[in-house]
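So the chains spell out like this:
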Amino acid sequence: MSTKARDAWVSVLMTLSLLASLALFGLGGYLALVNQEFVLLGLGLIAVVVSAAGLAFAAPAEDGSAELVQAVQRQHELLESINNRLLISDKAKRVAFRQKDRETLREAIVEDVRREDYDAAMILVDEMADSYGYREEAEQFRDQILQAQEKKREQFIKEAIIRIDQMCNDGDWDDARQHAHRLVRLYHGHPGVNGLPERVAEAKEKRKADLEREFLRASEREDVERAMELLKELDGYLTSEEAAPYMETARGVVGKKRENLGVRFKIAVQDRDWLDALNVGEQIVREFPNSKFAHEVRSMIDTLRERAAHQRAAMAEESL
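Residues numbered from 1 in each chain as written. Predicted model: local features only at pLDDT ≥ 70, side-chain atom pairs only at ≥ 80, totals over all residues. Heavy atoms only, no water.

When helices and strands are tallied, the protein shows 14 helices and 0 strands. The burial tally for the protein puts 28% of its 320 residues in the buried class. Considering only intrachain contacts with a sequence separation of at least 6, the fraction spanning at least 24 residues in the protein is 55%. Just so you have it, the protein exposes about 21,100 Å², and 54% of that area is on carbon and sulfur atoms. (Helix = DSSP H or I, 4+ residues; strand = E, 2+ residues; numbered from the N terminus. Buried < 20%, exposed > 50% of the residue type's maximum accessible area, 1.4 Å probe, protein only. Contact = heavy atoms within 4.5 Å. Areas by Shrake-Rupley, 256 points an atom, 1.4 Å probe, with all protein chains shown as cover.)

Here the focus is the pattern of salt bridges. Opposite charge on two side chains permits them to pair, given that their charged atoms come into close proximity. Applying the stated criterion across every chain yields a total of 22 salt bridges. Among the ionic pairs, Glu103 bridges to Arg106, the shortest N-O distance being 2.7 Å. Highlighted residues: Glu103 and Arg106, both in helix 5 (residues 98-114), separated by 3 residues, approximately one helical turn. Residue Arg106 is classed as partly exposed on the basis of its relative accessible area of 24%. Residue Arg106 pairs with Glu137 through a salt bridge whose shortest N-O separation is 2.5 Å. Of this pair, Arg106 sits in helix 5 while Glu137 sits in helix 7 (residues 135-170), and the two are 31 residues apart along the sequence. For Glu137, a relative accessible area of 12% translates into the label buried. Here the salt bridges share partners, and the residues they tie into one network are Glu111, Asp112, Arg114, Arg115 and Asp117. (Salt bridge = Lys/Arg side-chain N within 4 Å of Asp/Glu carboxyl O.)

Another aspect to go through is the packing of aromatic side chains. One pass over the full model with this rule turns up 3 aromatic pairs. Seen in terms of ring centroids, Phe265 and Phe293 are 5.7 Å apart; in terms of plane orientation they differ by 85°. Their pairing is edge-to-face. Of this pair, Phe265 sits in helix 12 (residues 247-270) while Phe293 sits in helix 14 (residues 292-319), and the two are 28 residues apart along the sequence. Both residues of the pair, Phe265 and Phe293, belong to the buried class. Taking NZ or CZ as reference, Arg307 lies 4.7 Å from the ring centre of Trp274, over its face. (Phe/Tyr/Trp six-rings, centres within 6.5 Å; stacked < 30°, edge-to-face > 60°. Lys NZ or Arg CZ within 6 Å of the ring centre and 35° of its normal.)

Our focus in this paragraph is unusual backbone geometry. Located in the positive-phi region is Glu116, a residue other than glycine, with phi close to 60°. Locating Glu116 in the fold gives a position in the loop between helix 5 and helix 6 (118-130). Located in the positive-phi region is Arg272, a residue other than glycine, with phi close to 55°. Structurally, the position occupied by Arg272 is in the loop between helix 12 and helix 13 (274-287).

A word on the packing of helix 7 against helix 8 (residues 173-186). At a minimum axis distance of 8 Å, the contact between helix 7 and helix 8 shows a crossing angle of 160°. Overall, the two elements helix 7 and helix 8 adopt an arrangement that is roughly antiparallel. In this structure, helix 7 crosses over helix 8, and the sense of that crossing is left-handed. Residues Phe156, Ile157, Ala160, Ile161, Ile164, Met167 and Cys168 of helix 7 form the contact with helix 8, whose participating residues are Trp173, Asp175, Ala176, His179, Ala180, Arg182 and Leu183. Taken together, the residues of the contact of helix 7 with helix 8 sort by class into 11 nonpolar, 1 polar and 2 charged. (Axes fitted to C-alpha atoms, helices over the stretch in contact; angles between N-to-C directions. Parallel < 35°, antiparallel > 145°, perpendicular 65-115°, else oblique. Left-handed = near helix turned anticlockwise from the far one by under 90°. Nonpolar A, V, L, I, M, F, W, Y, C, P; charged D, E, K, R; others polar.)

As a further point, take helix 14. With 28 residues, helix 14 should reach 40 Å at 1.5 Å per residue; the first-to-last C-alpha distance of 39 Å fits that figure. In helix 14, a bend of some 50° at Met300 exceeds every other bend along the element. Within helix 14, burial applies to Phe293, Ala294, Val297, Ile301, Leu304, Ala308 and Gln311. (Expected span 1.5 Å × (residues − 1). Bend = angle between axes of the 7 residues up to and from the residue.)

Following both chains from N to C, one finds helix 13 and helix 14 inclined at 150°, their axes separated by 7 Å at the closest point. Classified by the angle between their axes, helix 13 and helix 14 sit roughly antiparallel to one another. When you trace helix 13 past helix 14, the crossing you get is left-handed. Contacts between helix 13 and helix 14 pair Trp274, Leu275, Ala277, Leu278, Gly281, Glu282, Ile284 and Val285 from the former with Phe293, Ala294, Val297, Arg298, Ile301, Leu304, Arg305, Arg307, Ala308, Gln311, Arg312 and Met315 from the latter. Looking at the contact of helix 13 with helix 14 residue by residue, the class counts come to 13 nonpolar, 2 polar and 5 charged.

The pLDDT averaged across the protein works out to 76; a share of 67% of its residues lies at or above 70. The weakest mean pLDDT in the protein belongs to helix 4 (residues 90-96) at 53; the strongest belongs to helix 8 at 92. (pLDDT = per-residue confidence, 0-100.)

Before going further, it helps to examine the nonpolar core. Ranked by internal contacts, the top residues of the largest apolar core, which has 25 residues, are Ile164, Cys168, Ala176, Leu183, Leu196, Val200 and Val253. Ranked by the residues each element gives to this core, the list is headed by helix 7, at 6 residues. Among residues more than four places away in sequence, those in contact with Val200 are Ile164, Cys168, Trp173, Ala176, Arg177 and Ala180. One finds Phe265, Leu278, Phe288 and Val297 within the second-largest nonpolar core, a separate group that totals 16 residues. (Core = buried A, V, L, I, M, F, W, Y, C linked by side-chain atoms within 4.5 Å.)

What follows is the structure, given as structure tokens:
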């Protein structure tokens, strides 16, 4: 192959290399504008410079390629100018993209507030103020975040107090006390939280006093069923010392209840009302298992169940 033909092929190859480098440079420029990624742009610039220089040396002017050399030289100067622009400082880049960064920060802050991630939002607010200098707007965002935090806190405290009050109404004193102490630990100094454990303790004492009064009144009017219900509930509030004054009254109520059940059982047996006799007998065994009367009922319980079954069947036939 002659020297002239070889130089022509070299020029063609270098031209193709230049075109590929320009394409790489163009893609790098796009990424730099969209994502602020400058690595590919720098590599493209280097490739263009090298390709242009090789093409210039591969095509001498005496072979009629002077115009190509001049064009390459102008391209080289243009690329040098672009290179100088790319070598600006990080601070200058931030200024160039500050509007886009500002919008991105705004959107991120609003999204964090919407997700109630207030700590992350505050970090972005500090970035907006310190790194980009938008201090007035950052303060506005900071006020919004603090207001949202306060609103959420107040709502949480309000709902927690409602739950504690419901626990007190239901007599769940241990849970109510634990939740009250936890709320104090989380929001110590808040007006709605201060004194909350004492409030639970006072509610418990008030409920105990109410039970004591109702029990004594039920006993005085010989409302045995009600007195027994109150006595069972009151047992969970009184210590041994506190229960001592009520023991005599309680024994009287228990005795009266046992006596009443005994009378009902005997009447049911006499009337051959085996269903009622069985129900009352099972109640005696359940509530007074160690009494003499309970032992007597146990000796009759199988017979009572058999007769009650026959009575139930007879009642069913009559209804048909």
